[in-house]
Amino acid sequence: MKRSLPLAMLLALGLASAARAANEADYKAAYATAEAASKEAAGLRNQWTVTVSTLAAAKKAADGGDFDRATAAAREAEALAKASIFQAASEKEAWKAMEIR
Amino acid sequence: MKTRSALLLGSLSAALVAFALTSPRVVAADKVDPVADAKAFQNFFFQKFPDVKHEDFVNGPYSMNADMKRQWQEKEEFPPYEFALDAGKEMFATPFKNGKTYADCFPNGGVGIRQNYPYFDEKEGKVVTLELALNRCREANGEAPYSYVKDEMASLTAYMAFTSRGKPMDIKIPDDPRALAAFENGKRYFYTRRGQMNFSCASCHVQSPGERIRAEVLAPALGILNAMPIYRSEWSGMGTTSRRFVTCNSQTRAVPLEPQADEYRDVEYFLSYVANGLPISGPGARP
């Protein structure tokens, strides 16, 4: 299945914002998933700055007790990390399309 | 700003096309052929900018814009990198604590050799850049290495570039599969999209040279390292090649690699090799 990266990002971000009020457990689960995805992206040497800053924002919101915002930010960070992983995978071949020959 | 969103849109649609194209397209057996690559690379720019004299490509954004070029030529009478140049010259001549100098680490005493960097070190099996060689020289002589992104390194490389001004870039790729792999890896890094903006180096420096991104005019990828290091008013100081790579990665919202990471060494090898024959013009000054 071939999807485009921008499409993947939009879908992921869209899903992330569907919400009921979130609690600390929701946040912790969302954060752990996001952190794992972000570590995977870093391991591929393809981390995005926005993933790092969105993860930091999630933590900050949680520290302030705002778990709605924290959970939303963690899910957004996960979506960003996944998009960067998708990018790294597709660029393994796609870079050749840009090459001057 | 306008150009920027146009660039972004362009790049997104290019990405879509790329995704559509890549699966069915069979790329003919991927044999690494640096000579053919360099020729194609140079021809691309010579044809895209038929009015730019070949040796002018090494002047980055100034080769693309006549007004800027005039301002630059006036500036060159009191070049803002002069301070770094003087400092570099003095540092170069000052002995380490053990009495040796940089000259002891380099061929020809380090004078007039910048055009040969980076080179492929067959012992290490890796690309060695000038910045890396300078720090290795320091460490071999019991001195602490310099930051790759700060003034001292810029001053040293500025001085070394100056002693090579006008000499044609002369990068060798030895007949060693590891050297060819390094070249290929550098090429892949150059064309690979990264960051949230989904840009490769080529999105800006191949597809859009001469266009403005924020207040800056994009330099063409051909000869893009010949002027390094550069003084930038925006930095109000000098910037090394390492610093520039880090900054360019950040602009696409990609987390930069550590300076002198293998990928950066390899992309420097690739970009320098395809600029073979074009004169060293560093140190440079940018608005």
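Residues numbered from 1 in each chain as written. Chains lettered and ligands numbered in written order. Predicted model: local features only at pLDDT ≥ 70, side-chain atom pairs only at ≥ 80, totals over all residues. Heavy atoms only, no water.

- As recorded in an unreviewed UniProt entry, chain B goes by SoxAX cytochrome complex subunit A and comes from Bradyrhizobium shewense.
- What UniProt records for chain B under Sequence similarities (unreviewed entry) is the sentence "Belongs to the SoxA family." (UniProt positions renumbered as here; feature names shortened; annotations may be inferred.)

- By the naming in an unreviewed UniProt entry, chain A goes by SoxXA-binding protein SoxK and is assigned to Bradyrhizobium shewense.

Things to note about the overall build of chain B
Phase 1 of the analysis: A tally of regular secondary structure across chain B gives 10 helices and seven strands.
Phase 2 of the analysis: Taken over 287 residues, chain B has a buried fraction of 54%.
Phase 3 of the analysis: Restricting the contact set of chain B to residue pairs at least 6 apart, pairs at least 24 apart contribute 71%.
Phase 4 of the analysis: For chain B, the computed accessible surface area is about 12900 Å², with 55% contributed by carbon and sulfur atoms. (Helix = DSSP H or I, 4+ residues; strand = E, 2+ residues; numbered from the N terminus. Buried < 20%, exposed > 50% of the residue type's maximum accessible area, 1.4 Å probe, protein only. Contact = heavy atoms within 4.5 Å. Areas by Shrake-Rupley, 256 points an atom, 1.4 Å probe, with all protein chains shown as cover.)

Quick look at helix 4 (residues 82–93) of chain B
Residue and element names in this part refer to chain B.
Phase 1 of the analysis: A rise of 1.5 Å per residue sets the reference length of helix 4, with its 12 residues, at 16 Å; its end C-alpha atoms lie 17 Å apart and thus fit the reference within 8%.
Phase 2 of the analysis: Here helix 4 has its buried residues at Ala84, Leu85, Gly88, Met91 and Phe92. Projection of helix 4 onto a plane perpendicular to its axis shows the buried side chains occupying an angular sector of 130 degrees, all on one side. Among the exposed residues of helix 4, those oriented more than 90 degrees off its buried face are Phe83, Lys89, Glu90 and Ala93. (Expected span 1.5 Å × (residues − 1). Arc of directions from axis to C-beta.)

Points about the sheet that holds strand 5 (residues 230–232) of chain B
Residues and elements named next belong to chain B.
Phase 1 of the analysis: Across the sheet, which stays open at both edges, the three strands sit in the order 6-5-7 with mixed pairing between neighbours. The open sheet has two edge strands, strand 6 (237–239) and strand 7 (284–286), and neither has a second partner. Each strand axis lies, on average, 30 degrees off the axis of its neighbour in the sheet, ignoring direction.
Phase 2 of the analysis: Examined bridge by bridge, strand 5 and strand 6 share three bridges and lie antiparallel to one another. Along strand 6, the bridge assignment pairs Ile230 with Gly239. (Pairing = 2+ DSSP bridges. Axes fitted to C-alpha atoms, helices over the stretch in contact; angles between N-to-C directions.)

As for the state of the cysteines
Residue and element names in this part refer to chain B.
Phase 1 of the analysis: Tallied over the full model, the rule gives one disulfide over all chains.
Phase 2 of the analysis: Each sulfur of the disulfide joining Cys105 and Cys137 lies 2.1 Å from the other. With the S-S dihedral at roughly 75 degrees, the linkage between Cys105 and Cys137 falls on the right-handed side. Placement of Cys105 in the loop between helix 4 and strand 1 (119–121) and of Cys137 in helix 5 (residues 130–140) is noted, with a sequence separation of 32 residues between them.
Phase 3 of the analysis: For Cys105, a relative accessible area of 34% corresponds to the partly exposed category.
Phase 4 of the analysis: Of all cysteine sulfurs, the one in Cys248 lies closest to Cys201, which takes part in no disulfide; the gap is 7.4 Å.
Phase 5 of the analysis: For Cys201, a relative accessible area of 23% gives the class partly exposed.
Phase 6 of the analysis: This cysteine, Cys204, is not joined by any disulfide, and Cys248 carries the nearest cysteine sulfur, 7.5 Å off. (Disulfide = S-S within 2.5 Å.)

As for the UniProt feature "binding site: substrate" (unreviewed entry) in chain B
All names here are of chain B.
Phase 1 of the analysis: What UniProt calls "binding site: substrate" (unreviewed entry) maps, in this numbering, to Arg244.
Phase 2 of the analysis: Looking at the element boundaries, Arg244 is found in helix 9 (residues 241–251).
Phase 3 of the analysis: Not counting residues within four places of it along the chain, the set of residues in contact with Arg244 comprises Met228, Ile230, Arg232, Trp235 and Gln251.

Description of the layout of surface pockets
Phase 1 of the analysis: Here the largest pocket defines a volume of roughly 780 Å³.
Phase 2 of the analysis: Lining the largest pocket are 41 residues, and of these His205, Leu218, Ile224, Arg244 and Cys248 of chain B lie nearest its centre.
Phase 3 of the analysis: Listed by contribution, the elements that provide at least two residues to the lining of the largest pocket are helix 7 (177–191), helix 8 (201–205), strand 4 (216–217), strand 5, helix 9 and helix 10 (262–273) of chain B.
Phase 4 of the analysis: Class assignment of the residues belonging to the lining of the largest pocket gives a composition of 26 nonpolar, seven polar and eight charged.
Phase 5 of the analysis: Looking at the second largest pocket, its volume works out to about 380 Å³.
Phase 6 of the analysis: Taken together, 16 residues form the lining of the second largest pocket, with Leu44 and Arg45 of chain A together with Arg188, Tyr189 and Thr192 of chain B sitting closest to its centre.
Phase 7 of the analysis: Put simply, the parts of the chain that give the lining of the second largest pocket at least two residues each are helix 4 (67–94) of chain A together with helix 7 of chain B.
Phase 8 of the analysis: Examining the composition of the lining of the second largest pocket, we find that four residues originate from one element, helix 4 of chain A, more than from any other.
Phase 9 of the analysis: Looking at the lining of the second largest pocket, its residues break down into six nonpolar, three polar and seven charged. (1 Å grid on protein atoms, 1.4 Å probe; cavity = no way out; pocket = protein on both sides within 12 Å on 5 of 7 lines; lining within 4 Å. Points joined across faces, edges and corners; volume = space filled by probe spheres on them. Nonpolar A, V, L, I, M, F, W, Y, C, P; charged D, E, K, R; others polar.)

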